[in-house]
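Spelled out, the chains give:
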Amino acid sequence: QGIDVCYEGVGGKLLKAICDNLSASGRVLIVGSISQYPHNSDDDKEPHGVPGIPDDIMADVFRSGKTIDLDSNRKIIGNVWGDLFQSGEMGIYRDRVFELYNNGNLKVLLDPENEFYGVDSVC
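How each quantity is defined
Residues numbered from 1 in each chain as written. Predicted model: local features only at pLDDT ≥ 70, side-chain atom pairs only at ≥ 80, totals over all residues. Heavy atoms only, no water. Helix = DSSP H or I, 4+ residues; strand = E, 2+ residues; numbered from the N terminus. Contact = heavy atoms within 4.5 Å. Areas by Shrake-Rupley, 256 points an atom, 1.4 Å probe, with all protein chains shown as cover. Lys, Arg positive; Asp, Glu negative; His and termini not counted. Charge placed at Lys NZ, Arg CZ, Asp CG, Glu CD. Patch = residues over 30% accessible without salt bridge, like charges linked within 9 Å, V, L, I, M, F, W, Y side chains within 5 Å. Salt bridge = Lys/Arg side-chain N within 4 Å of Asp/Glu carboxyl O. Buried < 20%, exposed > 50% of the residue type's maximum accessible area, 1.4 Å probe, protein only. Core = buried A, V, L, I, M, F, W, Y, C linked by side-chain atoms within 4.5 Å. Expected span 1.5 Å × (residues − 1).

Draft legend 1. Molecular detail of the overall build of the chain. If you tally the helices and strands in the chain, you get four helices and four strands. Secondary structure elements in the chain, listed N-terminal to C-terminal, are β-α-β-α-β-β-α-α. Seen along its three principal axes, the alpha-carbon backbone of the chain occupies a region of about 45 × 40 × 30 Å. Considering only contacts within the chain whose residues lie at least 6 apart along the sequence, 45% involve residues at least 24 apart. Approximately 8600 Å² of the chain is accessible, and the part contributed by carbon and sulfur atoms is 52%. Looking at charge distribution, the chain has the averaged site of its 11 positive side-chain charges lying 4 Å from that of its 20 negative ones.

So this is what it looks like as structure tokens:
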């Protein structure tokens, strides 16, 4: 039971909610932490409050590409992008996603049992 894989780029309370609901052997792929970016004032930056994870997840996990082992074989994996931005390869994957979408081959999977309205209804 719980979240098997989460592609997470918000941080703060959302990261905490994800970790609280992560399944055994679940993975959190850190792709950013917009709630901690410099455009937010220090008063607006909420700590995630996840035990065992550094407060500055961008510096200590994402940029370093670090993997943090949690209990029950769960992991938080930093910088799943690697050097895609610098290598120029990101455009290849972006173009492929657009192609799949334009051809009707990219499908959204929705939970048929539940309707969600806003983040609060998901967590």
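Draft legend 2. The arrangement of a nonpolar patch on the surface in detail. Taken together, the side chains of V97, F98, Y101 and L106 present a nonpolar region at the surface, about 420 Å² in accessible area. Turning to its location among the elements, V97 is positioned in helix α4 (residues 90-102). Classification of V97 as partly exposed rests on a relative accessible area of 41%.

Draft legend 3. Structural view of unusual backbone geometry. The backbone phi angle of S25 is positive, close to 70°, even though this residue is not glycine. Within the secondary structure, S25 is located in strand β2 (residues 22-30). Even without glycine at this site, S72 takes up a positive phi of about 55°.

Draft legend 4. Examining the nonpolar core more closely. Among the nonpolar cores identified, the biggest contains 16 residues, and L15, V28, I30, I53 and I76 are the most heavily contacted of them. Only α1 (12-20), β2 and α2 (57-62) provide two or more residues apiece to this core. Of the residues forming this core, the biggest block, four residues, is contributed by α2. Once residues lying within four places of it in the same chain are set aside, the contact partners of I30 are E8, L15, I57, V61, F62, I76, I77, G78, N79 and V80.

Draft legend 5. Structural detail: the pattern of salt bridges. Counted according to the given criterion, the structure contains six salt bridges. Salt-bridge contacts for K13 lead to E46; the nearest nitrogen and oxygen are separated by 3.8 Å. Note that K13 is positioned in helix α1 and E46 in the loop between β2 and α2, a separation of 33 residues in sequence. With a relative accessible area of 59%, K13 lands in the exposed category.

Draft legend 6. Representation of α4 within the structure. A rise of 1.5 Å per residue sets the reference length of α4, with its 13 residues, at 18 Å; its end C-alpha atoms lie 18 Å apart and thus fit the reference within 8%. Positive backbone phi, approximately 75°, marks G104, located one or two places after α4.

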